[in-house]
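# Overview (structure and organization)
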Amino acid sequence: MTVQTTDLTSLERDILAAIAAAEDERTLDDVRVKALGKKGRVSKLMKSLAAMEADERKVMGVKLNGLKTTLSDAIAERQDELHQAALDARLAAEKVDVTLPIRPHAEGRIHPVSQVFDEIITIFADMGFEVKEGPDIEDDFYNFTALNFPPGHPARDIHDTFFFHPDENGERKLLRTHTSPVQIRTMQAEKPPIRIIVPGRTYRCDSDQTHTPMFHQVEGLVIDQETHMGHLKWCLEEFTKAFFEVDDIRFRFRPHFFPFTEPSAEMDIGYTRVGNEIRVGEGDDWLEILGCGMVHPNVLKNVGLDPDVYQGFAFGMGVDRLAMLKYGIPDLRDFFAADMRWLTHYGFAALDMPNLANGLSR
Ligand code: PHE
């Protein structure tokens, strides 16, 4: 068998054309096998070299090797092109717009009570108060005795306390009726100056449109050597303005009685009712929002602080009532009904954390 140079040239042209025409990697591999595989056209020609005369073999050997190299290079090059094209196609097909919102709308809502806790904490944190917490299950000492409720005093009754069964020592634990026990726990654990607020759950045996057996309070306590009633008044005025997001607010301090403060007061804020809506901060009607006063000397003594050296103020506010007022929620019991429609209407978006710079309730 002799091989003409013209044959080789047309063979090369044919195979190069087939390589260029291959549209995918599988077709290209077929072309490769048919040319350079064991039984491929070029391989067969290589085998025929053995039967040639030495001179002819020399010439043809060089030519065939050249052809083989040309074809292998062309295949490798086409292979790269096809590979890149396949990758480009896949990238285009799997393209994801990472700027799209993850869901059409967020489903979870923040409960108004949680929102108001966050708002209150934001305001007092800005004034330098620290957040403390205490147990919901308390004993008589922390809930009453240390707070200057004498044994058998009628003030214990107005708290409508939930008591547990007595333990083996006859001691009855109780569900705290207010967050004030955390005043005692903090003053026992830390030296003044103290500046804390205490968000938490509180419990009283009471249920109607404005009372639920479990409700929420935020306690405040400031103890140092010079804090006086003027500071208390300023602090609570600043708080109410920030909380209700108004520049000015009508308020008054009404004398009151608490065993653990002297003097004691309740703070009322002015409001008007326009139709169904309550407008806070203006008008001639008054709403009580919190109790407060100067910490009673007996309370300071009960935690080992000298009342001739230390003084300060305390306050306790009803969070549920503040939420009702600020967000126009008419019935307290709905807070605890776990009704999705109510929560969707009165709830807040999960990622809008209240802050003083952008607005608390935005
Ligand atoms: N603990 C009182 C209550 O629950 C509120 C209060 C706290 C009053 C601190 C004065 C000072 O009614």
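Residues numbered from 1 in each chain as written. Predicted model: local features only at pLDDT ≥ 70, side-chain atom pairs only at ≥ 80, totals over all residues. Heavy atoms only, no water.

### What to know about the overall build of the protein
A tally of regular secondary structure across the protein gives 12 helices and 12 strands. Computed over C-alpha atoms, the radius of gyration of the protein comes to 42 Å, more than 25% over the 21 Å expected from 2.2 N^0.38 for 362 residues, which places it beyond the range of a compact globule. Each of the three principal axes of the protein carries a C-alpha extent, and together these read 130 × 55 × 40 Å. The buried share among the 362 residues of the protein stands at 41%. Long-range pairs, those at least 24 residues apart, make up 67% of the contacts in the protein between residues at least 6 apart in sequence. Element-wise, carbon and sulfur atoms account for 53% of the exposed surface of the protein, whose accessible area totals about 20600 Å². Across the protein, the centroid of the 41 positively charged side chains sits 10 Å from that of the 59 negatively charged ones. (Helix = DSSP H or I, 4+ residues; strand = E, 2+ residues; numbered from the N terminus. Rg over C-alpha atoms; globule rule 2.2 N^0.38 Å. Buried < 20%, exposed > 50% of the residue type's maximum accessible area, 1.4 Å probe, protein only. Contact = heavy atoms within 4.5 Å. Areas by Shrake-Rupley, 256 points an atom, 1.4 Å probe, with all protein chains shown as cover. Lys, Arg positive; Asp, Glu negative; His and termini not counted. Charge placed at Lys NZ, Arg CZ, Asp CG, Glu CD.)

### Some words on the site of the ligand
With respect to spatial proximity, 14 residues lie near the ligand, and among them H178, S180, R204, Q217 and G316 are the closest. Interatomic distance of 2.9 Å between a side-chain N/O atom of R204 and an oxygen atom of the ligand. Q217 places a polar side-chain atom, nitrogen or oxygen, 2.9 Å from an oxygen atom of the ligand. Listed by contribution, the elements that provide at least two residues to the shell around the ligand are β6 (214-224), β10 (285-295) and β11 (311-318). At 3 residues, the largest contribution of residues to the shell around the ligand is made by β11. Counted by class, the shell around the ligand contains 5 nonpolar, 7 polar and 2 charged residues. (Near = heavy atom within 4 Å. Polar contact = N/O pair within 3.5 Å; in protein donor to acceptor, adjacent residues only side chain to side chain. Nonpolar A, V, L, I, M, F, W, Y, C, P; charged D, E, K, R; others polar.)

### Re the domain arrangement of the protein
Parsing the protein into structural domains produces domain 1 (5-94) and domain 2 (112-346). Domain 1 and domain 2 are separated by 88 Å when their C-alpha centres are compared. (Domains from an automatic or database assignment.)

### Description of the pattern of salt bridges
Side chains that differ in charge, positive against negative, can pair when their charged atoms come close. Tallied over the full model, the rule gives 16 salt bridges. A salt bridge links R176 to D136, with the nearest nitrogen and oxygen atoms 3.4 Å apart. In this pair, R176 is assigned in the loop between β4 (174-175) and α8 (181-189) and D136 in the loop between β2 (130-131) and β3 (137-138), connecting sequence segments 40 residues apart. Here R333 ties to D331 by a salt bridge, and the two come within 3.2 Å at their closest N and O atoms. Shared partners join several salt bridges into a network, and the residues in it are R252, R254, E266 and D268. (Salt bridge = Lys/Arg side-chain N within 4 Å of Asp/Glu carboxyl O.)

### Side note on a negative patch on the surface
A cluster of acidic side chains, namely E23, D24, E25 and D30, defines a negative patch on the protein surface. Residue position: D30 is located in helix α2 (residues 25-36). On the basis of relative accessible area, D30 is assigned to the partly exposed category, the value being 47%. (Patch = residues over 30% accessible without salt bridge, like charges linked within 9 Å, V, L, I, M, F, W, Y side chains within 5 Å.)

### Observations regarding the side chain of D331
Mapped onto the elements, D331 comes out in the loop between α11 (319-327) and α12 (340-346). In terms of polar contacts, D331 uses its side chain to reach the backbone amide nitrogen of R333, at 2.8 Å. Residues within four places of D331 in sequence aside, it is in contact with Q209 and M324.

### Some thoughts on α8
The set of residues buried in α8 consists of P181, V182, Q183, I184, T186 and M187. Its buried side turned inward, α8 meets β3, α6 (140-143), β5 (194-203), β6, α10 (297-302) and β11.

### Concerning the pairing of strand β9 (residues 277-280)
With 4 bridges connecting them, strand β8 (residues 261-274) and β9 associate as antiparallel partners. Of the residues in β9, the one forming a bridge with R273 is I278. In textbook terms, the turn of a hairpin is the stretch between consecutive antiparallel strands, and for β8 and β9 this stretch comprises 2 residues, one of which, G275, has a positive phi near 65°. (Pairing = 2+ DSSP bridges.)

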